[in-house]
Structure formats: structure tokens, C-alpha cells
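Coordinate analysis (summary)
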Amino acid sequence: MNKGIYWAPSYNWKKEKDKLIVNGTTFSLEVAELFPELYELCVNGTTYEKLTIILTQTNPMFLKRVLKDLEDLGALVSEIQSPVDIFQGQAAIFCQGEKKDEQFFMNKENVEKYRFEQSFRITEHSKEGIIKLKKAELNPIYKTRKSMRNFDMTEIDMDTFSCCLEILCPLNKKGKENQIPAQYVYPSAGGLYPLDFYLLVKAGRVENIPQGLYRFDPVERKLYTINSKILLDRGFQFAVNKDTYESSAFSIYIFFNAAVSMPKYQDMAYYYSILDAGFASAYLEMQTYELGLGACSIGDMRFSKISEYFELEPYQKYLHTIEIGKLM
């Protein structure tokens, strides 16, 4: 256990009588007696070896077991967290203790009404100083594009597939003599482009591309095989997205590569990468529509169920998925 150990910033803890409670999970009095010292040692980073030296009164095997339990819970981490972990607890702060109706968004009529009201929300301000703008005509492509949840099952030709991914590739070539950075269609903080793209291609859905999981290299315009036989069971998708996943020709998974931008932007690199993923996704979806394809962004899934197949590094964190296929 030579890796660094940190207390996850989004995890809270408290001692109540003869027990310790960490994010709702209860630990014994024996574990509670390690706090707050264990927390204070881990909050700025430590190692197992340092802990055994400092916590000399604690049995090393017991300490190792406690650290493993806290790591399994997510309270102790040795790599950057996922967005799910980072944002954990924000809704509770927003609600300020008010109980939410757990069943409200399970009702389709409620969802449609809520969507209608929020999508047409009007900003309330004073009546003074208002400037009315003219209604302008948009390019028709912006008015007709929409997310597609079902796709035609026929094969996408290689030219269309390549053109679809071209929107993620640099516009210029790497010069041998000059030091001009790569230029892309979509923007990125500092021009660093810290996104990694993986593709899951279904059997017989893309010309000359066998079924499998691939890593896409935008600079070289190459697909590197991660697993040539894998077809992920739809169980990792939530019910509303299962049919969309099954009918799509291929899926694009977007990851934040912290090794690219955290050295420069530190903590804010994570936030910037989420913006980058939004920009890349928007351009990609418009590109698919222009090519006669459809796309659907998937906001959430059980990625932990399939993460092992991607052979990711600790500094790569899942951000987003887009399902792509032919229009019906």
C-alpha cells in the first residue's frame, strides 16, 4: 500500500456516542476512536507506512482493514474522483433540508409538465431598462436537428463513419520544423484538448469495422483495438436508454485525461474538461445530423459495471456517452 491516501473532499463524517458515521455508513466504536486523527492525517495526503508509524497504538492489521473499508466506501481515495463522487451532496445543499418527492419524476405527466415549464422559464427583473431584441432566422439545420432514441439498423458506410469522427480531429498536421499546436473545430481550455475517445462498434453496423471496443486517436485518425469480441450487455444502461443503446450502430465514450491539463490548471482542469466534453459533443451531434445520421447523448449510466473493459489509467475519468446510428 505505497500509494498516496487522501480523504475524499465530498465525504463527511461525525461521531455519535459509540459509533462513527461516514456519509450515512456506520462504523464501530473501535474505528471511531481513530478519529479525528485519521481524518486529519489523510485530508492532505499520507501513506499506509506513515500511518503505521504515527498510529503506533493501532494494530497494523486492524488499521489495514479499516482503510480498506473506507476505501471501498469511497471515503479514502488514491486517484482523482469521478464526477458522480465530486458532485455528491450538492443537491442536499440546494434543498436546504427540504424533503423531495421521490415519486414525482417517476410519473410521465409530471416530467412532461416540468420540462415544459422549465424550458419556457422567463427571467423576472424590474420593468425598467428592458431592451427588446429582434427574432432572427436560424440556419435550418439548427431548427430541424433533434436527439434520436431509435436508429435504422442498416450499415453505415466507411466514408460516412470517417467523416463523422473527422469533427474530433485536428485541422492541421504536426509540423517537423514549426511548433504550431494542433487546431480543432471545437474549443478547449488553453488549447490542451484533454479528452480521450473510445468507441464501441456493433457487429455489421459499420463498413469494414469489426465488432469491438476501440480507442480513437484523433491525431493519427486511427482506431486501436481494446477488445475485438466484446459486446456489452445492456444491463449497464438505465431502462430509459436500453433500447437506444441496442439500436445504435456505435457508441462514443468521452473521458477526461487529467495528465494532460491538471499540471496547468490544477483543480479547475476537471471543470474545464466537462466544458470541453460539452463542446465536442455539440459539434459531433451537429456533424452526425449533416451526414444523415442521428445521435443521442446519454446523461447517466452504471459505468462502474463496464469500466474494467476499457483498460483505463487512474487519471482517465468517464464523462459522457453519445449513441450514433442511421436515421429511421
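Below: a short report on this structure. (Residues numbered from 1 in each chain as written. Predicted model: local features only at pLDDT ≥ 70, side-chain atom pairs only at ≥ 80, totals over all residues. Heavy atoms only, no water.)

Attention now goes to the overall build of the protein chain. Per the secondary structure count, the protein chain includes 12 helices and 11 strands. Based on the C-alpha atoms only, the size of the protein chain along its principal axes is roughly 70 × 60 × 45 Å. Looking at the protein chain residue by residue over its 328 residues, the buried ones come to 36%. Put simply, 70% of the contacts in the protein chain that link residues at least 6 apart link residues at least 24 apart. Split by element, the accessible area of the protein chain, about 21,000 Å² in all, is 53% carbon and sulfur. Of the side-chain charges in the protein chain, 39 are positive and 43 negative, and the distance between the mean point of each set is 3 Å. (Helix = DSSP H or I, 4+ residues; strand = E, 2+ residues; numbered from the N terminus. Buried < 20%, exposed > 50% of the residue type's maximum accessible area, 1.4 Å probe, protein only. Contact = heavy atoms within 4.5 Å. Areas by Shrake-Rupley, 256 points an atom, 1.4 Å probe, with all protein chains shown as cover. Lys, Arg positive; Asp, Glu negative; His and termini not counted. Charge placed at Lys NZ, Arg CZ, Asp CG, Glu CD.)

Attention now moves to the sheet that holds strand β4 (residues 25–27). Strand pairing in a sheet takes place through backbone hydrogen bonds and is either antiparallel or parallel in direction. On the basis of which strands lie adjacent, the open sheet formed by three strands has the order β2-β3-β4 and antiparallel pairing. The sheet terminates laterally at β2 (13–16) and β4, the two strands that pair on one side only. Sheet twist, expressed as the mean angle between neighbouring strand axes with direction ignored, is 25 degrees. Strands in contact with helix α4 (residues 60–73) are β3 (19–22) and β4; relative to β4, the strand with the most contacts, it is inclined by about 175 degrees. (Pairing = 2+ DSSP bridges. Axes fitted to C-alpha atoms, helices over the stretch in contact; angles between N-to-C directions.)

Right, let's get into the sheet that holds strand β6 (residues 195–201). With antiparallel pairing, the six strands of this open sheet are ordered in space as β8-β7-β6-β9-β11-β10. Taken across any chain shown, the strands that pair with only one partner, and hence form the sheet edges, are β8 (222–227) and β10 (293–298). Taking the axes of each pair of neighbouring strands and ignoring which way they run, one obtains an average angle of 30 degrees across the sheet. Where strand β9 (residues 250–257) lies against strand β11 (residues 316–326), eight bridges are found, and the strand directions are antiparallel. Bridged to Phe-256 within β11 is Lys-317.

Another point: the packing of aromatic side chains. A complete count under the given rule lists 24 aromatic pairs for this structure. Each ring, one from Trp-13 and one from Tyr-39, has its centre 5.7 Å from the other, and the planes form 50 degrees; the classification is tilted. Residue Trp-13 is found in strand β2, and its partner Tyr-39 is found in helix α2 (residues 37–42); the two are separated by 26 residues along the sequence. For the pair Phe-255 and Phe-310, a centre-to-centre distance of 5.5 Å together with 55 degrees between the ring planes defines the contact as tilted. Linking Phe-255 in strand β9 with Phe-310 in the loop between β10 and β11, this pair joins segments that are 55 residues apart in sequence. Each of the two residues, Phe-255 as well as Phe-310, counts as buried. Among the aromatic side chains, those forming a connected cluster through ring pairs are Tyr-198, Tyr-253, Phe-255, Phe-303, Phe-310 and Tyr-318. (Phe/Tyr/Trp six-rings, centres within 6.5 Å; stacked < 30°, edge-to-face > 60°.)

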